[in-house]
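# Structural description and commentary
Here are the chains, one letter per residue:
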Amino acid sequence: MPDQQVAVIGGGIAGISAALELSQHNLHIHLVEKSPFLGGHAIHYTCKANGACQHCNACLVQEQLKKLNKAENVHLHLASQLQGIQKKGDTYYLETKQSPLFESTKEQEALKALANTEGWEHLVQRGPSRHNIPLYTLDWSRMEGSTDPSVILPEPANGLDLNKKERSELIQAEAVVLASGFQPFDPRRIGTYNYSSLSNVVSALEMEKIRRTRGHHLRPSDNASPRRIAFIQCVGSRNASHGNLWCSRVCCPYSLRMARAMQAEQPESEITFFYMDLQNCDREPEKTLNTCRSHFRFLRMMPVDILPGENDSVIIRYMSREERIKEDPFDLVVLSVGMEPGADSASLARMFDIGLNRHGFFRPASEGDRTIPPEKDIFPAGAATGPKNIAESIEQAKEAVKDLLTHISSQEKKDHGHERSLVFHPSIDHRHGMDRPNRSP
Ligand SMILES: Cc1cc2nc3c(=O)[nH]c(=O)nc-3n(C[C@H](O)[C@H](O)[C@H](O)COP(=O)(O)OP(=O)(O)OC[C@H]3O[C@@H](n4cnc5c(N)ncnc54)[C@H](O)[C@@H]3O)c2cc1C
Ligand code: SF4
Ligand code: SF4
């Protein structure tokens, strides 16, 4: 296979795995990630081992990232936003804009020092993993006013060039892996849960971040160890009123693992699950449920609402089996949020002129897809194609790469004589996130 170029959009576990798989071939790979750090959502997850491994696969993400750092034919384009796409003949030209990064050792040391200087630490973002290279970046969203020449950073960060400009790039690629991921359901959309006003009602993603930064779970209002903990399942999934009829598949297993880890850390904790169903935990959900019942309380009903209680507690109101409204107090409520199509899926679909399935996810090419014709050279991967766990995202990224390699081989055999005229597709308009792509029926 000749020295061809391939782009991977999205540096979560699916994009990292696709790039790693591609790196074993004689290809130049461009990995384009819009945030300054690789790893996507899963790089934030904590180990849930409670004596024994719970197979959450969070450590797999760290391992894949470590391997990627050694892959010489993978060119990283971090903090890079796709602005537009041109296609000439069989080649894509991806226009990106990259926010300034500080990659030299001297700049990294300066940022580390700034991160440890009182009053300045909020300007620095540290990568979620020690395998993130570079590890430190400036949080440009908080830098407004700091580019004023009169602003002087403290030693030794005062040598940092705050006037670095964004960089435009044109990336060439014969084929593209779309691994732009998912977005977690925003619990503010369920007004009755009062997530915005009750600090001790958190999403599972927030609880992961608390556990990662503090080393264990605690309740946000006063950093105390919560004793009475509730998990609410299916938040934003299997719910017609939010348009999300699908099961997100990962939330039953991830919440049970988190609950087991919490109980191991704090054996006196009392954990209640409000649930509709138990999915994807293993082949025998009833058996799992019976095992879990000996550790946790399971209430098969969805709460009506969540209200403030005494001493920072929260009250969950629900309908009992006897059809009476009951109120139980908790110290902490964890919302098991589901997976929705990625924030950029619609605009990427428009840019690449491809369709989405009826829920708004890309469809993997291997599913006999009607939404992405083969001549498009686009290969969706990971949770951008629907709810998936880490292992499934890795597997599916490998499948997408297999399809891509087969496609490139068949293209090589084709006569490249008649190039098509230059086609320009509109860029993402980040000011209006409401693009309406073509959805297949
Ligand atoms: C609360 C919660 C807990 C979970 N816990 C577990 C668990 O314990 N174990 C498990 O196996 N799974 C778990 N999952 C599922 C897991 O998060 C996914 O399987 C995994 O993150 C999917 O990886 P991905 O790369 O497809 O997507 P993502 O992780 O979403 O990564 C996508 C990447 O693409 C980037 N991107 C998006 N748009 C663009 C663009 N336009 N240009 C450039 N880059 C872009 C994003 O910045 C991101 O880095 C959990 C999910 C949730 C919601
Ligand atoms: S991170 Fe998950 S898979 Fe890895 S050791 Fe811990 S529990 Fe096991
Ligand atoms: S995995 Fe469990 S919590 Fe998540 S949507 Fe499916 S049934 Fe609900």
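Since we're looking at a predicted model, the values are computed, not measured. (Residues numbered from 1 in each chain as written. Chains lettered and ligands numbered in written order. Predicted model: local features only at pLDDT ≥ 70, side-chain atom pairs only at ≥ 80, totals over all residues. Heavy atoms only, no water.)

## Quick notes on the environment of Gly12
Relative to the helices and strands, Gly12 resides in the loop between strand E1 (4–9) and helix H1 (13–22). Between the alpha carbons of Gly12 and Ala383 there is a distance of 9.5 Å; along the sequence they are 371 residues apart. Residues in contact with Gly12, not counting those within four places in the same chain, are Glu33, Gly39 and Gly40. (Helix = DSSP H or I, 4+ residues; strand = E, 2+ residues; numbered from the N terminus. Contact = heavy atoms within 4.5 Å.)

## Looking at the sheet that holds strand E11 (residues 201–203)
Ordered by their spatial adjacency, five strands build an open sheet running E11-E18-E12-E13-E14, and the pairing between neighbours is parallel. Taken across any chain shown, the strands that pair with only one partner, and hence form the sheet edges, are E11 and strand E14 (297–299). Along the sheet, successive strands turn relative to each other by an average axial angle of 20°, direction set aside. Direction of pairing for strand E12 (residues 228–235) relative to strand E18 (residues 332–337): parallel, over a ladder of five bridges. Directly across from Val235, in E18, lies its bridge partner Val337. Running at roughly 90° to E11, helix H4 (residues 204–214) makes contact with E11 and E18 of the sheet. (Pairing = 2+ DSSP bridges. Axes fitted to C-alpha atoms, helices over the stretch in contact; angles between N-to-C directions.)

## Quick notes on a nonpolar patch on the surface
A grouping of Val304, Met319 and Ile325 is seen on the molecular surface, where their side chains present a nonpolar patch of about 230 Å² in accessible area. The topology assignment puts Met319 in strand E16 (residues 314–319). By relative accessible area, which is 37% here, Met319 ends up partly exposed. (Patch = residues over 30% accessible without salt bridge, like charges linked within 9 Å, V, L, I, M, F, W, Y side chains within 5 Å. Areas by Shrake-Rupley, 256 points an atom, 1.4 Å probe, with all protein chains shown as cover. Salt bridge = Lys/Arg side-chain N within 4 Å of Asp/Glu carboxyl O. Buried < 20%, exposed > 50% of the residue type's maximum accessible area, 1.4 Å probe, protein only.)

## Topic: helix H3 (residues 105–115)
Those residues of H3 lying buried are Glu107, Gln108, Ala110, Leu111 and Leu114. The arc that holds the buried residues of H3, viewed along the axis, is 160°, so those residues lie on one side. Exposed residues on H3 whose side chains face more than 90 degrees from its buried face are Thr105, Lys106 and Glu109. (Arc of directions from axis to C-beta.)

## Structural notes on the site of ligand 3
Neighbouring ligand 3 are Gln233, Cys234, Ser237, Arg238, Cys247, Ser248, Arg249, Cys251, Cys252, Asp277 and Gln279. Taken together, the elements giving at least two residues each to the shell around ligand 3 come down to E12 and helix H5 (251–265). Split into classes, the residues belonging to the shell around ligand 3 amount to four nonpolar, four polar and three charged. (Near = heavy atom within 4 Å. Nonpolar A, V, L, I, M, F, W, Y, C, P; charged D, E, K, R; others polar.)

## Quick word on H5
Taking 1.5 Å per residue, 15 residues should reach 21 Å; H5 reaches 21 Å between its end C-alpha atoms and fits that length. Burial within H5 is extensive, with 12 of its 15 residues counted as buried. (Expected span 1.5 Å × (residues − 1).)

## A short note on the pairing of E12
Of all eight residues in E12, seven are buried; the element is thus mostly enclosed. The pairing of E12 with strand E13 (residues 270–274) spans five bridges and is classified as parallel. Bridge pairing in E13 places Ile229 opposite Ile271. Crossover connection from E12 via H5 to parallel E13: handedness right-handed. (Right-handed = clockwise from strand over helix to strand, strands pointing away.)

## Some thoughts on unusual backbone geometry
In this structure, the amide linkage connecting Ile133 to the following residue, Pro134, adopts the cis form with an omega of -5°. Mapped onto the elements, Pro134 comes out in the loop between strand E6 (124–126) and strand E7 (136–138). If you check the backbone angles, Asn194 has positive phi at about 50° while not being a glycine. Mapped onto the secondary structure, Asn194 falls in the loop between strand E10 (182–184) and E11. Residue Asn194 is classed as partly exposed on the basis of its relative accessible area of 26%. Phi angles above zero are rare outside glycine, and Asp353 is one such case at about 60°.

## Observations concerning the pattern of salt bridges
This model, assessed by the stated rule, comprises 19 salt bridges. The salt bridge involving Asp344 is made with Lys34; its shortest N-O contact spans 3.1 Å. Of this pair, Asp344 sits in the loop between strand E19 (339–341) and helix H7 (345–352) while Lys34 sits in the loop between strand E2 (27–32) and helix H2 (58–68); the two residues are 310 residues apart in sequence, bridging distant segments of the chain. By relative accessible area, Lys34 is classed as partly exposed at 43%. In this structure, Glu395 and Lys398 form a salt bridge, with 3.9 Å as the shortest nitrogen-oxygen distance. One end of the pair, Glu395, and the other, Lys398, are both in helix H8 (residues 390–413), three residues apart, so they sit about a helical turn from each other. Note on Glu395: relative accessible area 45%, which makes it partly exposed. Three or more residues joined by partner-sharing salt bridges are found here, namely Arg219, Asp222, Arg228 and Asp331.

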